[in-house]
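Below, each chain spelled out in residue letters.
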Amino acid sequence: MPVNVLFSARPELWPVYEPLLAKGLTEAGLDFCLGTEFAPDQVDYVVYAPNGGLMDFTPYTRLKAVLSLWAGVEQIAGNATLTVPLARMVDHGLTQGMTEWVVGHVLRYHLGMDHHITVQDGVWTPDAPPLASERLVCVLGLGALGEAAARALAALNFHVTGWSRTSKDIPGVTCLYGEDGLLTALSQAEIVVLLLPDTPATENTLNSKTLALLPMGACIINPGRGPLIDDNALLDALKTGQVGHATLDVFRVEPLPPDHPYWAHPNVTVTPHIASETRPVTAAQVICENIRRGEEGEPFLHLVDRTLGY
Ligand code: NDP
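First, a word on what this report is: a plain description of the structure on this page. As the structure is a computational prediction, the values presented were derived from the model and not from experiment. (Residues numbered from 1 in each chain as written. Predicted model: local features only at pLDDT ≥ 70, side-chain atom pairs only at ≥ 80, totals over all residues. Heavy atoms only, no water.)

## Structural notes on the overall build of the protein
Condition: Helix and strand definitions here come from DSSP, where helices need a minimum of 4 consecutive H or I residues and strands a minimum of 2 consecutive E residues; each element is numbered from the N-terminal end. For every residue, the accessible area obtained with a 1.4 Å probe (protein chains only) is divided by the maximum for its type, and the residue is called buried under 20%, exposed over 50%, and partly exposed between those limits. We call two residues in contact when some of their heavy atoms are within 4.5 Å. All accessibility values rest on the Shrake-Rupley procedure with a 1.4 Å probe; residue burial counts only the protein chains present in the view. In summary, the charge assignment counts Lys and Arg as positive and Asp and Glu as negative, without counting His or the chain termini. For this purpose, a charge sits on NZ of Lys, CZ of Arg, CG of Asp or CD of Glu.
Along the protein, the regular secondary structure elements total nine helices and 12 strands. In terms of principal-axis extent, the alpha carbons of the protein reach across some 75 × 45 × 40 Å. Taken over 310 residues, the protein has a buried fraction of 48%. Look at the contacts in the protein between residues 6 or more apart in sequence, and 62% of them connect residues 24 or more apart. Carbon and sulfur atoms make up 57% of the accessible area of the protein, which amounts to about 14900 Å² in all. Side-chain charges of the protein comprise 18 positive and 34 negative groups, with the mean position of each set lying 3 Å from the other.

See below:
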């Protein structure tokens, strides 16, 4: 019997993924049937993104696993109708894109690029930026994306501190964890990068108390998820100058409403959730490998711990 794989994501992605998945599953030696429509009780695997509209897994009685195209799984991790393994996306292309985006925005702050780009005022002020080794950067979240970004920043000689839930050992990065670790990490951070998942435990990681720990004028870069930051607390911290500038890629409501104060704020850069995206060529390989594993009784890669929500 063929393995039936349902693709449930934005319809325009189907023509992109269909040949890539077909190639990968053929190479895995599987007899398969790929499609965007099946009788629910005939589906073995769902290739999933929240914008595919699938919410109720109850009729999917033959389902073996849901394979997310997204790294962030906050929209499905708590779905009570899902009782089979859920794997999230860890994709080399996605990671590389995020590393490039983070490094670019850290360098923007580090080098003070805005001043030279926007303030051509005829005043010759030869203030050279410090070396990266003199700049304190903190990466909150040291998973697939945070670790790669932290390593890249460390390779540029930034003084990098990282923070995660469990302890880590990453060359060139001072790794901290737990509540005390966060306080230490923030109190030293001139630039903070958020690459945490959106879970009940990470909501408002940056709030009025934790923002007050930052050195005056610190900069924030959030490509993680909107709920990681208490927006009112950030706006207050921008007003007092505790936070000098924020670059925000993700928001509690997306698209960010046109009247949101972030859009017009002189010290906020809004980017429209473009820090990085799943790259079909590499992502399809990950999906096919997980289907192969499922069929051969091997453990799935990148399983989500549903109790933790990531
Ligand atoms: P991972 O699951 O690999 O890593 C998550 C990291 O966060 C881990 O280091 C984990 O700690 C840490 N963490 C989780 N909960 C806590 C907590 N309560 N306290 C401290 N640390 C915690 O995720 P990824 O790196 O793959 O992705 C991170 C997020 O990036 C995604 O969830 C998504 O929201 C966002 N994203 C944004 C994109 C964009 O374009 N803007 C694109 C892709 C992803 P530990 O290692 O100890 O488990």
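After that view of the structure, there is still more to cover.
## Description of the sheet that holds strand β10 (residues 218–222)
For clarity, the cut-off: We treat two strands as partners when DSSP finds at least two bridges between them. Lines fitted to C-alpha atoms define the axes, with helix axes restricted to the stretch in contact, and inter-axis angles between N-to-C directions lie between 0 and 180 degrees.
Read from one edge of the open sheet, seven strands run β8-β7-β6-β9-β10-β11-β12, paired in parallel fashion. A single partner strand is all that each edge strand has here, and the edge strands are β8 (173–177) and β12 (268–270). Geometrically, the sheet is characterised by an average inter-axis angle of 15° between neighbouring strands, direction not taken into account. Pairing geometry for strand β6 (residues 136–140) and strand β9 (residues 191–194), over four bridges, is parallel. Bridging from a neighbouring strand, L140 pairs with L194 of β9. Along the sheet, helix α2 (residues 92–111) makes contact with β6, β9, β10, β11 (243–248) and β12, crossing β11 at roughly 155°.

## Notes on the sheet that holds strand β1 (residues 3–8)
Taken in spatial order, the five strands of this open sheet run β2-β1-β3-β4-β5, and their pairing is parallel. Across the chains shown, the open sheet's two edge strands, defined by having one partner strand only, are β2 (32–35) and β5 (86–87). Bridge count for strand β3 (residues 45–48) against strand β4 (residues 65–68) is four bridges, and the pairing is parallel. Looking across to β4, one finds that V46 is bridged to V66. Sitting on the sheet, helix α1 (residues 14–27) is in contact with β1 and β2, with an inclination near 170° to β2.

## Quick notes on the packing of α2 against helix α4 (residues 144–155)
Our working rule: When describing relative orientation, an angle under 35 degrees is termed roughly parallel and one over 145 degrees roughly antiparallel, while 65 to 115 degrees is termed roughly perpendicular and anything else oblique. Here a crossing is called left-handed whenever its near helix is offset anticlockwise from the far helix by less than a right angle, and right-handed whenever the offset is clockwise. Think of it as three bins: nonpolar holds Ala, Val, Leu, Ile, Met, Phe, Trp, Tyr, Cys and Pro, charged holds Asp, Glu, Lys and Arg, and polar takes everything else, Gly as well.
As a packed pair, α2 and α4 sit with axes 9 Å apart at the nearest point and diverge in direction by 50°. Our classification of the angle between α2 and α4 gives oblique. In this structure, the crossing between α2 and α4 has a hand that is right-handed. For the pair α2 and α4, the contacting residues are L94, T95, M98, T99, V102, V103 and V106 in the first and A144, L145, A148, A149, A152 and L153 in the second. Among the residues forming the contact of α2 with α4, the class breakdown is 11 nonpolar, two polar and no charged.

## Topic: a nonpolar patch on the surface
Basically, it comes down to this: The patch calculation keeps residues exceeding 30% relative accessible area without a salt bridge and links them within 9 Å when they carry like charges or within 5 Å when they are nonpolar (Val, Leu, Ile, Met, Phe, Trp, Tyr). By convention in these notes, a salt bridge is any Lys or Arg side-chain nitrogen within 4 Å of a carboxyl oxygen on Asp or Glu.
Taken together, L111, M113 and I117 make up a surface patch of nonpolar side chains, about 270 Å² in accessible area. Here L111 lies in helix α2.

## Brief notes about the pairing of β2
The line we're drawing: If the strands point away from the viewer and the path from the first strand over the helix to the second runs clockwise, then the crossover is right-handed.
Pairing between β1 and β2: four bridges, direction parallel. Note that in β2 the partner of L6 across the bridge is G35. Regarding topology, α1 serves as the crossover connection from β1 to the parallel β2, and that connection is right-handed.

## Examining the packing of α1 against helix α9 (residues 280–296)
Two measures define how a pair of helices packs: the angle their axes make with one another and the distance between the axes. The geometry of α1 relative to α9 is characterised by a closest axis approach of 9 Å and an angle of 45° between their N-to-C directions. Viewed along their axes, α1 and α9 adopt a mutual orientation that is oblique. The two elements α1 and α9 cross, and the hand of that crossing is right-handed. Where α1 abuts α9, its residues V16, Y17, L20, L21, G24 and L25 lie against P280, V281, A283, A284, I287, C288 and I291. Of the residues assigned to the contact of α1 with α9, the class counts are 12 nonpolar, one polar and no charged.

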